[in-house]
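# Structural characterization, general
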Amino acid sequence: MAKVKKQPRPKAETPKGFRDYFGAEVAQRKAMLDQITSVYQLYGFDALESSAVETVEALGKFLPDVDRPNEGVFAWQEDEDWMALRYDLTAPLARVYAQFRNDLPTPYRRFAMGPVWRNEKPGPGRFRQFYQCDADTVGASSVTADAEICSMLSDVLEAVGIPRGDYMIRVNNRKVLNGVLEVMGLTDDPRRDDVLRTIDKFDKVGEAGVRQLLTVGRTDTSGAEIEGVGLSDMQAGPVLAFLTAKQDTVDQTLDKLRQAVGDSVIGNEGIEELAQIARLLEAQGYSTDRIEIDPSVVRGLGYYTGPVYEAELTFEIKDEKGRPRQFGSVAGGGRYDDLVKRFTGQAVPATGVSIGVDRLLAALHAKGRMSTETVGPVVVTVMDRDRMSDYQAMVGELRTAGIRAEVYLGNPKNFGNQLKYADKRNAPVAVIAGSNEFDQGVLQIKDLVLGAKIAETATHEEWKEQPAQFEIKRADLVSEIRKILEG
């Protein structure tokens, strides 16, 4: 008789491109999101939790291929329909607004927080599941809505612990770029998309690099030859004037942009919108030390239809090779007036911002604004299994008083293991009681935080003079524990 082949055990490993989040990380993220929520609600935005799964048709961003309908998303077929995990929080908003627009107020102001999924090649710090935190206004065509998003983003950064001077929110406008392309004669030119892709490289290759890429091409740092778009120096001039228009004052910057767009109607409309945003922000007290007009903000200009904005953290950190560099962008957004139109056939104005939650958490750690440890629960140790109801009564009292507490549920035979467990849980206090303590109506309290500090530096004599373990009356359990925690 043939042997039954054993099924191999599954590997206990996280799927490629994903990661697990443990207690402290989850608590820190929640605390930060609570702070962001308070600012969003202060501005009158309401929460929305949309489905994590959308139809591929509703997502509508990626092109189909032979094997699966959408590269870049996690998709599967269900009957005749294709479904996919959401890749951001904006596409679901467009579907929700189109579906429920008759029931929702206009404008509709919503914020959303949650995981999104992208089926892309993972890399260092780049995962296939990550958190986003969005706020959008749908149904408002006035750039007042855009100015409000910028001021709210400034307030969010300061609320979570990024001080003024360590960040800058930079604002640009897609319409100004459209005006530049019009002046260049590229509105319907097949090279238009190549020009847009080249502009998107400005922050990497600078003015000289963009000039080369727009004209004859350049050699990159690896030695590879990159073909140029083929524009003349004269044709490339308006793009470079646009990208380098930022001056010392808002008015000077806007004048430079007017020179770049010439008589273009759409370009001058975009400049007037930037001027209006600047006036609105100044009226609210948001000066250029927090929010500025900066034409070099070019990321996402292919997607947005009007103002765009990006929050950049300006303080220095060290890269993996120990070299100083700026932390960089943690949020971005802009006006996207065509997204809801896919569902309704009618243009619906919309503007919003998305915050990279993991990036912002990393920034707070880099600034030392967030501890890597969280305080664990008070651990009630077990010396006598027959008194388990007494131990549970103690944690019940502590929990009723709002103090995190738990009874040790492992094998109580080895008391040393119980204290090791309390240390691993980062418990601030251990409560110790056996039959003698219960008979006398007392408890032993071990201050684990103080004990760790004493153990680091104190001599034996000093340790005896300042013991971390002491006796209290059973009736004083809650008050004594609270006194330690508050201390």
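Look above for the structure.
Anyway, here's the lowdown on the structure attached to this text.

About the cut-offs
- Residues numbered from 1 in each chain as written.
- Predicted model: local features only at pLDDT ≥ 70, side-chain atom pairs only at ≥ 80, totals over all residues.
- Heavy atoms only, no water.
- Pairing = 2+ DSSP bridges.
- Helix = DSSP H or I, 4+ residues; strand = E, 2+ residues; numbered from the N terminus.
- Axes fitted to C-alpha atoms, helices over the stretch in contact; angles between N-to-C directions.
- Contact = heavy atoms within 4.5 Å.
- Buried < 20%, exposed > 50% of the residue type's maximum accessible area, 1.4 Å probe, protein only.
- Polar contact = N/O pair within 3.5 Å; in protein donor to acceptor, adjacent residues only side chain to side chain.
- Core = buried A, V, L, I, M, F, W, Y, C linked by side-chain atoms within 4.5 Å.

### Details of the sheet that holds strand β2 (residues 53-55)
- Sheet architecture is open: 3 strands sit in the order β2-β4-β3, paired in antiparallel fashion. Whereas interior strands pair on both sides, the edge strands pair on one side only; in this sheet they are β2 and β3 (75-78). On average, each strand axis in the sheet is tilted by 35° relative to the strand beside it, whichever way the strands run.
- Looking at chain direction, β2 and strand β4 (residues 81-85) are connected through 3 bridges and run antiparallel.

### Comments concerning the sheet that holds strand β14 (residues 378-380)
- Read from one edge of the open sheet, 5 strands run β15-β14-β16-β17-β18, paired in mixed fashion. Sheet topology places β15 (405-407) and β18 (469-473) at the edges, where each strand pairs with a single neighbour. Taken over all neighbouring pairs, the strand axes of this sheet differ in orientation by 25° on average, direction set aside.
- Relative to β18, strand β17 (residues 442-447) runs antiparallel, the two being bridged by 5 bridges. Bridging across to β18, Q444 finds its partner in E471.
- Against the sheet, helix α13 (residues 388-400) contacts β14, β15, β16 (429-432) and β17, and its axis sits at roughly 170° relative to β15.

### Brief notes about the side chain of R335
- Inspection of the secondary structure puts R335 in strand β12 (residues 324-335).
- Relative accessible area serves as the criterion here: at 4%, R335 is assigned to the buried category.
- Engagement of the side chain of R335 in a polar contact is seen with the side chain of D146, the distance being 2.9 Å.
- A distance of 3.2 Å separates polar atoms of two side chains, one belonging to R335 and the other to D337.
- Ignoring sequence-local partners within four residues, the contact set of R335 consists of A140, S141, S142, A145, D146, Y304, T305, G306, P307, P349, A350 and T351.

### A word on the nonpolar core
- By size, the foremost hydrophobic cluster in this structure holds 73 residues, and its most contacted members are I36, Y40, I162, V195, I355 and L360.
- If one sorts the elements of this core by residue count, helix α4 (residues 144-160) sits on top with 8 residues.
- Beyond its immediate chain neighbours, meaning those up to four positions away, Y40 contacts F45, F111, M113, C133, D134, A135, M152, V156, V353 and I355.
- The next biggest cluster of nonpolar side chains, apart from the first, holds 21 residues, and it includes V395, F438, L443 and I472.

In short, the description is geometric, and any link to function would need to be established separately.
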